[in-house]
Amino acid sequence: DAKTTQPTSMDCAEGRAANLPCNHSTISGNEYVYWYRQIHSQGPQYIIHGLKNNETNEMASLIITEDRKSSTLILPHATLRDTAVYYCIVRVAGNQGGKLIFGQGTELSVKP
Amino acid sequence: GAGVSQSPRYKVAKRGQDVALRCDPISGHVSLFWYQQALGQGPEFLTYFQNEAQLDKSGLPSDRFFAERPEGSVSTLKIQRTQQEDSAVYLCASSHSPFDQPQHFGDGTRLSIL
């Protein structure tokens, strides 16, 4: 599985969009990009995933560059409850089981 | 609907004791994973089940760690002769199918070895 690089920490003002970048320059054509977040003392929470196309759901949007070497997770209107560690993970498509390999993630602090 | 449930939420044991941690996955989920999360680190994979079959146990750190899922639903992670370095949060996750499905995590068991 490809390695990902994320900033260690970021701040965002409440109500503004939070844009979390991730580099995955060695990603293969059959690898998905997954995003999870972990709020203190809770288990990781699935946010969104994508292969090539941009994706949107009720929680966030995922923008993947055309060369697939980087992506951005967008929380359109950040709230204090979005304060968490955000993990960007690449995972081989069609891989039976598909264990997740977590890095250090980005610690996002949403401030009033 | 019910999510992944883990028990106990907290466990304190003396070094050398055996412990058992339980995971109730989401009903009908075929795949089940165990992860270990040390303080300040991301979760690390321990083992994977598809139904009752343990297909990957490459992440288990030693032969003191043992996991089972005898009926393809509830799983137990057992640690024998615990050591201080076993102190961590143990997370369980399940997914509906073995392929390309998101994993849904429980809130973990925080294990402290004294």
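See the structure printed just above.
Conventions we followed
- Residues numbered from 1 in each chain as written.
- Chains lettered and ligands numbered in written order.
- Predicted model: local features only at pLDDT ≥ 70, side-chain atom pairs only at ≥ 80, totals over all residues.
- Heavy atoms only, no water.
- Helix = DSSP H or I, 4+ residues; strand = E, 2+ residues; numbered from the N terminus.
- Phe/Tyr/Trp six-rings, centres within 6.5 Å; stacked < 30°, edge-to-face > 60°.
- Buried < 20%, exposed > 50% of the residue type's maximum accessible area, 1.4 Å probe, protein only.
- Pairing = 2+ DSSP bridges.
- Disulfide = S-S within 2.5 Å.
- Axes fitted to C-alpha atoms, helices over the stretch in contact; angles between N-to-C directions.
- Contact = heavy atoms within 4.5 Å.
- Buried area = accessible area lost by both parts, 1.4 Å probe.
- Salt bridge = Lys/Arg side-chain N within 4 Å of Asp/Glu carboxyl O.
- Nonpolar A, V, L, I, M, F, W, Y, C, P; charged D, E, K, R; others polar.
- Core = buried A, V, L, I, M, F, W, Y, C linked by side-chain atoms within 4.5 Å.

A. Spotlight on the environment of Ala38 of chain B. With respect to the element layout, Ala38 of chain B can be found in the loop between β4 (31–37) and β5 (44–50). Taking C-alpha positions, Ala38 of chain B is 9.8 Å from Arg110 of chain B, a pair spaced 72 residues apart along the chain.

B. Looking closely at the packing of aromatic side chains. If you walk through the whole model with that rule in mind, you get 14 aromatic pairs over all chains. Taking the centre distance of 6.1 Å and the plane angle of 75° together, the rings of Tyr35 of chain B and Phe45 of chain B count as edge-to-face. You can see Tyr35 of chain B sitting in strand β4 and its partner Phe45 of chain B sitting in strand β5, a full 10 residues away along the chain. Among the residues examined, Tyr35 of chain B registers a relative accessible area of 0% and is labelled buried. Residue classification places Phe45 of chain B among the buried residues on the basis of a relative accessible area of 12%. Taking the centre distance of 5.4 Å and the plane angle of 45° together, the rings of Tyr35 of chain B and Phe105 of chain B count as tilted. Residue Tyr35 of chain B is located in strand β4, and its partner Phe105 of chain B is located in strand β10 (residues 104–105); the two are separated by 70 residues in the primary sequence. Chaining the aromatic ring pairs together yields one cluster made of Tyr32, Tyr34, Tyr36, Tyr46, Tyr87 and Phe102 of chain A together with Phe33, Tyr35, Phe45, Tyr48 and Phe105 of chain B.

C. Focus on the pairing of strand β6 (residues 61–64) of chain A. All names here are of chain A. Pairing of strand β5 (residues 55–56) with β6, which is carried by two bridges, proceeds in the antiparallel orientation. Its bridge partner lying in β6, Glu55 is registered against Leu62. Taking the residues between adjacent antiparallel strands as the criterion, β5 and β6 are bridged by four residues. Bridge analysis of β6 against strand β7 (residues 70–75) gives four bridges, and the strand direction is antiparallel. Bridged to Ile64 within β7 is Ser71. Hairpin remark: β6 followed by β7, antiparallel, with five residues in the connecting loop; positive phi at Arg68, about 65°.

D. Spotlight on the state of the cysteines. All names here are of chain A. Within the structure shown, the criterion is met by two disulfides over all chains. A sulfur-sulfur separation of 2.1 Å characterises the disulfide bridge that pairs Cys22 with Cys88. The disulfide joining Cys22 to Cys88 has a torsion of about -80° about its S-S bond and is therefore left-handed. With a gap of 66 residues between them, Cys22 in strand β2 (residues 18–23) and Cys88 in strand β8 (residues 84–92) connect regions that are remote in the sequence. Assigned by exposure class, Cys22 and Cys88 land together as buried. Cysteine Cys12 is unpaired, with the sulfur of Cys22 as its nearest cysteine sulfur at 18 Å.

E. Representation of the sheet that holds strand β8 (residues 75–79) of chain B in the model. All names here are of chain B. Strand order in the open sheet made by the four strands is β1-β3-β8-β7, with antiparallel pairing throughout. Only two strands of the sheet have a single partner each, and these edge strands are β1 (5–7) and β7 (65–68). Along the sheet, successive strands turn relative to each other by an average axial angle of 15°, direction set aside. Pairing between β1 and strand β3 (residues 19–24): three bridges, direction antiparallel. For Ser5, the partnering residue across the bridge sits in β3 and is Asp24.

F. Quick peek at the interface of chain A and chain B. Of the residues lining the interface, 24 residues belong to chain A; the matching set on chain B comes to 24 residues. In total, about 1,800 Å² of surface goes out of reach between chain A and chain B, with carbon and sulfur atoms giving 48% of it. In this assembly, chain A and chain B are joined by zero salt bridges. Looking at the side of chain A that touches chain B, the elements that each hand over two or more residues are β3 (31–38), β4 (45–50) and β8 of chain A. At four residues, β3 of chain A tops the list of elements feeding residues into the side of chain A that touches chain B. Of the residues belonging to the side of chain A that touches chain B, the class tally is 10 nonpolar, 12 polar and two charged.

G. The nonpolar core, seen in detail. Counting residues in each nonpolar core, the largest one holds 21 residues, and the members touching the most others are Trp35, Leu73, Tyr86 and Leu108 of chain A. Every element with two or more residues in this core is listed here: β2, β3, β4, β6, β7, β8 and β9 (106–111) of chain A. The biggest single contributor to this core is β8 of chain A, with four residues. Among the nonpolar cores identified, the runner-up in size contains 20 residues, and Ala13, Val19, Leu21 and Trp34 of chain B belong to it.

Note that all results are geometric; they support no functional claim without further evidence.
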